[in-house]
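# Survey of secondary and tertiary structure
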Amino acid sequence: MSKTIIVSNRLPLQLSIENDQVSSHPSVGGLATGLKSVHRDNNGLWIGWTGLTKEETPDHLKSEIQQAVTNQQCAAVELTQRDMDGFYYGFSNRTIWPLFHYFMEYAEFDDENWEIYKSVNQKFAQVVLENLEDGDTVWVHDYQLMLLPQMIKEQRPDVSIGFFLHIPFPSYEVFRTLPWREQLLNGLLGADLLGFHTYDYERHFLSSVSRILGHEVSFNEITFKDRLIKVDSFPMGIDYEKFSASAKANYQQTDKTQSELQRRLDLHATATPDAKMILSIDRLDYTKGIANRLRAFEHFLEKYPHYSEKVRLVMLAVPSRSNVPQYQVLKKEIDELVGRINGKFSTVSWTPVWYFYRSMPFENLIDLYTSCDVALITPIRDGMNLVAKEYVATRIDRTGVLILSEMAGAAKEMNEALLINPNNINLIADTIKEALEMPVEEQKKRNKFMQSRLKRYNVEKWASDFMVKLDAVKGNQTVVKAKHIN
Ligand code: ADQ
């Protein structure tokens, strides 16, 4: 029986070693949820890294770890600390990530990291090839594995390969600055179907293929040797049912079962009944525009002083890539901005910014989504941004206002949000005021449209659309080949 092999940098499980015991939990992230049906239904296999380096894995626990991985229908790629430094923290997150998000000044061009990136992609290819059987389909994910499609195709031209990029693909003018631009494009062209979140990213990719490699490119097809490669956009959705059902349950909770966070949020609402809460949630990343968001909130408090004690920014930042220098600088900048705003505007009974620097369990995330009147999401660049979608999905009574950066892929599908340019501090400040004062009827009207779209194009539909298209490409290629032979 043929199967689908999913390949991503991290496996959809969380492994930990405590008191010499291995424990493993399935991960609850968006990708894991979205691909659940592909993974489970088709006798699937998921290949990736466990999260533990070779050095962190004691020899006597190796077989136990192996068992935990196999139990979840997964296969592990073993990576050393050097691999992680050069491939993940190095080439992926100091070269590709900044460049593809238009932070060109942050992009490092380091030959050694590039060599490690290649060799780690080769390690992934090795594990894929060991597990491949005739008729299998391979779906590769994201910017860490851009060379993998070609590495597999060279060994197994018969296999159908899909690739999805979760971050933006930058314009040709930015992409062309990369010293290894040809190699990366050739790596990607090993795939039969390439998926992006938006039509713009798709166009940027096609333009780079045509101008850098000189291949023939039409509307959404590339002709390369005797192969026809399809390129398309598949905007990723969320697990709508999970978010809306959890929000419903949250409304029905009694005091006893409430989380500590929810009690504090309720206390805030009771103590200051006409005060509003604005929510900000992201990984602490320079692409997310967190510093500009704080500056805009500060400007809002200065420009509209009658909002003193009447509004609070609840800001959750999840620690991320904290050994990359730019992330450390950003952390310091955010700490200082929060301190400055709270120092300047706080009163005895009011602190304008509540700042949490940590990850939170899912229930707390729902507490925040359901309690806040406005979500302020202002990335400088973002492939999609699922937080924006999750916020709208949890608004059971359809109240709530989403302020969203036009630089997030999600803005393409969420026209009813208040769209802003994340670099325009004055505009964001005015939009915060507009959001706080938006009539309830208008809030409901806007959210109704967005909710029905999110419900239809949920993450399962995203995954199944991709798989259906990949199957169709395979069918087309067979027809094209047959024509060549005739
Ligand atoms: P990310 O940059 O990680 O993803 P995003 O799409 O917003 O950004 O996804 C973050 C996820 O983490 C959300 O599902 C959210 O619920 C969760 N999360 C956020 N804060 C949390 C917290 N404090 N505790 C627990 N969970 C938290 C990349 C791209 C995006 C693209 C996605 C999917 O950068 O642009 O949308 O992949 O393709």
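Going by the annotation in an unreviewed UniProt entry, the name recorded for the protein is Alpha,alpha-trehalose-phosphate synthase, with Nonlabens ponticola given as the source organism. Here is the UniProt Subunit (unreviewed entry) comment for the protein, exactly as written: "Homotetramer." The Catalytic activity (unreviewed entry) comment attached to the protein in UniProt states, word for word, "D-glucose 6-phosphate + UDP-alpha-D-glucose = alpha,alpha-trehalose 6-phosphate + UDP + H(+)".

## Topic: the overall build of the protein
Helices and strands together make up the secondary structure of the protein, namely 18 helices and 17 strands. Here the protein has a C-alpha radius of gyration of 23 Å; the compact-globule value for 486 residues is 23 Å, and the two agree. The principal-axis extents of the C-alpha atoms in the protein amount to approximately 75 × 55 × 40 Å. By residue count, 44% of the 486 residues in the protein fall in the buried class.

## Some words on the site of the ligand
Lining the immediate surroundings of the ligand are 18 residues, of which His166, Met360, Gly383, Met384 and Leu386 lie closest. Considering every element that reaches the shell around the ligand, the biggest residue donor is helix α15 (residues 386-393), with three residues.

## Some details on the sheet that holds strand β7 (residues 160-164)
Ordered by their spatial adjacency, nine strands build an open sheet running β5-β4-β1-β6-β7-β8-β11-β10-β9, and the pairing between neighbours is mixed. Of all strands in the sheet, those bounded by a partner on one side alone are β5 (74-76) and β9 (216-217). Sitting on the sheet, helix α9 (residues 199-213) touches β8 (193-196), β9, β10 (221-224) and β11 (227-233), and the angle it makes with β11 is about 150°.

## Considerations on the environment of Tyr106
Structurally, Tyr106 is set in the loop between α4 (81-100) and α5 (111-131). Sequence separation of Tyr106 and Asp85 is 21 residues, and the distance between their C-alpha atoms is 17 Å. Contact partners of Tyr106, with chain neighbours within four places excluded, come to Pro98 and Gln326.

## Focus on unusual backbone geometry
Its identity is not glycine, yet Gln73 carries a phi of approximately 55°, on the positive side. Take Gln73: it is sitting in the loop between α3 (62-71) and β5. With 15 C-beta atoms counted inside 10 Å, the residue Gln73 sits in the partly exposed group.

## What about the pairing of strand β12 (residues 276-283)?
Relative to strand β13 (residues 311-318), β12 is paired through eight bridges, and the arrangement is parallel. By the bridge assignment, Arg283 is partnered in β13 with Val318. Handedness of the crossover joining β12 and β13 through helix α12 (residues 290-303) is recorded here as right-handed. The pairing of β12 with strand β15 (residues 374-377) spans two bridges and is parallel.

## Side note on α9
Its 15 residues place the ends of α9 21 Å apart at the C-alpha level, agreeing with the 21 Å of an ideal helix rising 1.5 Å per residue. Of all the positions in α9, only Tyr201, Glu202, His204, Phe205, Leu206, Ser208 and Val209 are classed as buried. On its buried face, α9 is in contact with α7 (172-175), α8 (181-188), β8, β9, β10 and β11. Following α9 by one or two positions, Gly214 has its phi on the positive side, about 70°.

## Quick notes on the pairing of β7
With five of its five residues buried, β7 lies for the most part within the structure. Residue alternation in β7 divides its side chains into two sets, Ser160, Gly162 and Phe164 and Ile161 and Phe163, and both sets are buried. Two elements, strand β6 (residues 137-141) and β7, share five bridges in a ladder whose sense is parallel. Across the sheet, the residue bridging to Val140 is Phe163, located in β7. In this view, the connection linking β6 to its parallel neighbour β7 by way of helix α6 (residues 148-155) has right-handed handedness. The pairing of β7 with β8 spans three bridges and is parallel. By the bridge assignment, Phe163 is partnered in β8 with Leu194.

Thresholds, definitions, all that
Residues numbered from 1 in each chain as written. Predicted model: local features only at pLDDT ≥ 70, side-chain atom pairs only at ≥ 80, totals over all residues. UniProt positions renumbered as here; feature names shortened; annotations may be inferred. Helix = DSSP H or I, 4+ residues; strand = E, 2+ residues; numbered from the N terminus. Rg over C-alpha atoms; globule rule 2.2 N^0.38 Å. Buried ≥ 20, exposed ≤ 12 C-beta atoms within 10 Å, placed from the backbone. Near = placed C-beta within 6 Å. Pairing = 2+ DSSP bridges. Contact = placed C-beta atoms within 7 Å. Axes fitted to C-alpha atoms, helices over the stretch in contact; angles between N-to-C directions. Right-handed = clockwise from strand over helix to strand, strands pointing away. Expected span 1.5 Å × (residues − 1).

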